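Listed below, chain by chain, are the residues.
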Amino acid sequence: MSITELQPEGGWVRYAEPRLVPPPPSQRGLLFRAVSGGARMFGRKQLPDLFPVFHINRRLFWPWLFFASRLMPGGRLKAQEREKIILRTGWNCRCRYEWGQHLEIGLGVGLSDADVLRVSQGPSQAQGERERALLQACDDMAREQAISTATWAALAAHYREPLLIEITILIGHYQMVAGFLNSSGIALEPAIEQVLQDFHRRVGMS
C-alpha cells in the first residue's frame, strides 16, 4: 500500500488478518474448477479471490453467480456507466477490494484516470447531467437506501424504466457484495494491487 492513497472519508475498511481465505484448488470442486477458466467473461484475466471464497457456501454461490452475471457483464447499461456505478458504490462502502477490482475493469473498458478521480469526488464533480445522476443515485442509496425523487427524475431523463430498475439493482447488489468483502477481509490479489499502485503513481498519490 502506498503511504498516501486515494481513499474515502473514514478510510477503507481493514482487518489485520483475513477472516475467510480462498480454499486450495483441490477443495474447490470439479464444477467450480471447470468454470474458473471463464474468468474473462467477468472482465478478469484471472479469477478474483472473491469467487473461491464465496464458493465456500456452494448453495448460495451458484444462484448468485447466475444473477451477478446478468448485471455484469450481461447487463444493458454501457460498460463505462456500469463501472462508474460500481466504483462509486465501492467507494461509498469503503470497500478497497471492490474499488481495486473495478478500477482495473473500468480502465479496461475505457475509463480514464480522470474519470476515476471524478467518481471518487462524487456528483459535484461529474461530467454532465447523466454522470451526475448516476453518481447521485449511488450516494442516495448509500445514505438513505433509496434513490431520491429528484435523482430519479434526473435518471428518468436519460433511461427508460428497465434501465432504471437495472441501475437500482446494480447499486444494491454491489452494496451487498461490498459488505461481504469488507466483512470477510479479502485482500486484493497482487496483480490488482499493482494496478491500484500504478494508478496512484499516475495521479500523484505516491
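Remember, predicted model here, so these are calculated numbers, not experimental data. (Residues numbered from 1 in each chain as written. Predicted model: local features only at pLDDT ≥ 70, side-chain atom pairs only at ≥ 80, totals over all residues. Heavy atoms only, no water.)

There is about 320 Å³ of room inside the largest pocket. As for the largest pocket, its lining consists of 17 residues, and the residues nearest its centre are Val13, Arg14, Gly185, Ile186 and Ala187. (1 Å grid on protein atoms, 1.4 Å probe; cavity = no way out; pocket = protein on both sides within 12 Å on 5 of 7 lines; lining within 4 Å. Points joined across faces, edges and corners; volume = space filled by probe spheres on them.)

Here we come to the packing of aromatic side chains. Applying the stated criterion to the full structure yields ten aromatic pairs. Residues Phe54 and Phe61 carry aromatic rings whose centres are separated by 5.9 Å and whose planes lie at 70° to one another, so their mutual orientation is edge-to-face. Of the two residues, Phe54 and Phe61, both sit in the buried class. When the centroid spacing of 5.3 Å and the interplanar angle of 50° are considered together, the rings of Phe54 and Phe180 count as tilted. Here Phe54 is found in helix H2 (residues 50–54), whereas its partner Phe180 is found in helix H9 (residues 161–184), with 126 residues between them in sequence. The ring of Tyr15 has Arg19 sitting right over it, with the charged end atom 3.8 Å from the ring centre. (Phe/Tyr/Trp six-rings, centres within 6.5 Å; stacked < 30°, edge-to-face > 60°. Buried < 20%, exposed > 50% of the residue type's maximum accessible area, 1.4 Å probe, protein only. Helix = DSSP H or I, 4+ residues; strand = E, 2+ residues; numbered from the N terminus. Lys NZ or Arg CZ within 6 Å of the ring centre and 35° of its normal.)

One pass over the full model with this rule turns up 13 salt bridges. Glu83 is paired through a salt bridge with Arg82; the nearest N and O atoms lie 2.7 Å apart. Judged by relative accessible area, Glu83 falls into the buried class, the value being 0%. When the shortest N-O distance is used, the salt bridge between Glu129 and Arg132 registers 2.7 Å. (Salt bridge = Lys/Arg side-chain N within 4 Å of Asp/Glu carboxyl O.)

Look at helix H4 (residues 79–92): 20 Å from first C-alpha to last across 14 residues, which is about the 20 Å you get at 1.5 Å a residue. For H4, the set of buried residues is Glu81, Arg82, Glu83, Lys84, Ile85, Ile86, Leu87, Arg88, Thr89, Gly90 and Trp91. Of the surrounding secondary structure, the elements contacted by the buried residues of H4 are helix H3 (58–71), helix H5 (96–108), helix H6 (113–121), helix H7 (129–144) and H9. Count one or two residues on from H4 and you reach Arg94, which has phi positive near 60°. (Expected span 1.5 Å × (residues − 1). Contact = heavy atoms within 4.5 Å.)

Within the structure shown, the criterion is met by zero disulfides. Cysteine Cys93 shares no disulfide, and the gap to the nearest cysteine sulfur, in Cys95, comes to 7.2 Å. (Disulfide = S-S within 2.5 Å.)

Within the largest apolar cluster, 31 residues are counted, with the highest numbers of intra-cluster contacts made by Trp64 and Trp99. The set of elements that each furnish at least two residues to this core consists of H2, H3, H4, H5, H6, H9 and helix H10 (190–202). (Core = buried A, V, L, I, M, F, W, Y, C linked by side-chain atoms within 4.5 Å.)

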